[in-house]
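A closer look at the structure
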Amino acid sequence: MSQNRQIRDVVFVDGVRTPFGRAGDKGIYASTRADDLVVKCIRELMRLNPRLPAGRIDEVAIAATTQTGDQGLTIGRTAALLAGLPASVPGFAIDRMCAGAMTAVTTTASGIGFGSYDVVLAGGVEHMGHHPMGAGADPNPRFMSERIVDPAALNMGNTAENLHDRFPAITKDRTDAYAVASQAKFAAASANGRIQPDLVPVATMKPGQGWTVNTVDEPPRPGTTLKDLAGLSTPFRAHGRVTAGNAAGLNDGATVALLASSDAAAELGLPVKMRLVQFAYAGVDPEVMGIGPVPATEKALKLAGLGIEDIGLIEINEAFAVQVLSFLDHFGIADDDARVNRYGGAIAVGHPLASSGVRLMTQLARQFEEDPSVRFGLTTMCIGLGMGATVIWENPHWTPTVSPPGSPTEDEGSAA
């Protein structure tokens, strides 16, 4: 017997992340477990939202690209137990490489919309110092023998160089300029207190150095100049265009978001920072995986009945500058458009693979709060092996009569 079901509104209540670290023996998390980073995030969300009874959480979905060691053993469930959530709260692990946390959000959001969940935790972690990308993987030999995928496509840097080949208007000079701007925007956002409120302090131990409380991101390089980037090596191709300066680094970090149905949020007195409008995933040729956000965004916009002109804020993951610029060029958006990555992006702050999707969301939520002139925003990213992901959000603070920050007032405009 079928029953009529009405899809429920899904809202983004809150999101936090650890400071991101540089992967490797000298990074801040060299001696810290990946699952403990997730636990820090869960505990902080519970502290920030004291009206939420832990027993009301219906699911914990945590993504990791390399699901082994301290990122294995069904990390959503183990992290929930380690964080002190009741044994009645289930959890699971998920993998969609770079879009792991984003997929954790959309998967559990679908459950909320369908009525199976009221409140969920969704996020991701990547400890690339403990688990370098691709470590332990065993690609099926058919990928090579049957030419299903170009072997070079298994290296993400090579796919970025392929994008440069496909779009010669995206020069190294442009990507370096974009990277410098990302560093500058992130530095300004940090100086203005836009980044720190989302960070969970993490205490770490380094042999011979004792304990340190980490409260800021490790990867950013404020003050980076075009001259600094000009002479960097191109490790993926001789005389190439992709460098460590115009791409995200190898990083460690975790993120977790709190999602709920709008009814549950109202019942529990939880804040509403964003409302989910639509999402989409799309596949592309693995050889040019960075173009993935384009079809994913086109698909999401079509499903939502919106156009790119309706989107007032864009948070796009900066795996590579060329990947961002290919997206902007496709939609006719200028490299320095004020809608794009207002707080800078992964080129500055880092990209711990499966965790990055929720970082985009927390940054968008904060921008929504400070700019009520914007109604819709989106978070989007490319995904290894040739995919893209896009989520469209609505600003609950939207006030149509409010002017964007920095714009002339109505009186000033009429006087002019």
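Higher on the page you've got the structure.
The sections below set out a description of the structure shown in this document. (Residues numbered from 1 in each chain as written. Predicted model: local features only at pLDDT ≥ 70, side-chain atom pairs only at ≥ 80, totals over all residues. Heavy atoms only, no water.)

1. Considering the packing of helix α9 (residues 293–304) against helix α10 (residues 321–330)
At a minimum axis separation of 9 Å, α9 and α10 run at an interaxial angle of 45°. The orientation of α9 relative to α10 falls into the category oblique. Across the interface between the two elements, P293, V294, T297 and E298 from α9 touch S326, F327 and H330 from α10. Tallied by class, the residues present in the contact of α9 with α10 amount to three nonpolar, three polar and one charged. (Axes fitted to C-alpha atoms, helices over the stretch in contact; angles between N-to-C directions. Helix = DSSP H or I, 4+ residues; strand = E, 2+ residues; numbered from the N terminus. Parallel < 35°, antiparallel > 145°, perpendicular 65-115°, else oblique. Contact = heavy atoms within 4.5 Å. Nonpolar A, V, L, I, M, F, W, Y, C, P; charged D, E, K, R; others polar.)

2. Some thoughts on the pattern of salt bridges
Applying the stated criterion across every chain yields a total of 21 salt bridges. Here R33 makes a salt bridge to D35, at a shortest N to O gap of 2.9 Å. You can call D35 buried: its relative accessible area is 9%. Notably, a salt bridge pairs R174 with D335, separated by 2.7 Å at the nearest N-O pair. (Salt bridge = Lys/Arg side-chain N within 4 Å of Asp/Glu carboxyl O. Buried < 20%, exposed > 50% of the residue type's maximum accessible area, 1.4 Å probe, protein only.)

3. What about helix α1 (residues 34–48)?
The terminal C-alpha atoms of α1, which comprises 15 residues, lie 22 Å apart, in line with the 21 Å expected from a rise of 1.5 Å per residue. Among all positions in α1, only A34, D35, L37, V38, V39, C41, I42, E44, L45 and M46 are buried. (Expected span 1.5 Å × (residues − 1).)

4. Notes on the side chain of E218
Position of E218 among the secondary structure elements: in the loop between β7 (210–214) and α7 (226–230). Although E218 lies buried, it forms no salt bridge, and the closest oppositely charged side chain, R22, sits 4.8 Å away as judged by the N-O distance. Sequence-distant contacts of E218, that is, excluding residues within four places in its chain, are made with F20, G21, R22, K26, G27 and I28. (Lys, Arg positive; Asp, Glu negative; His and termini not counted.)

5. Here's the deal with the packing of aromatic side chains
Applying the stated criterion across every chain, the model contains three aromatic pairs. Where F279 meets Y281, the ring centres are 6.1 Å apart and the plane angle is 70°; that geometry is what we call edge-to-face. The class for F279 is partly exposed, based on a relative accessible area of 24%. With relative accessibility at 15%, the residue Y281 sits in the buried group. Relative to F331, the ring of F327 has its centre 4.9 Å away and its plane inclined at 55°; by these criteria the two rings are tilted. You can call F331 buried: its relative accessible area is 15%. For R17, the ring lying beneath its charged end belongs to F20, and the centroid distance is 4.5 Å. Above the face of the Y281 ring, R96 is positioned so that its terminal group lies 3.8 Å from the ring centre. (Phe/Tyr/Trp six-rings, centres within 6.5 Å; stacked < 30°, edge-to-face > 60°. Lys NZ or Arg CZ within 6 Å of the ring centre and 35° of its normal.)

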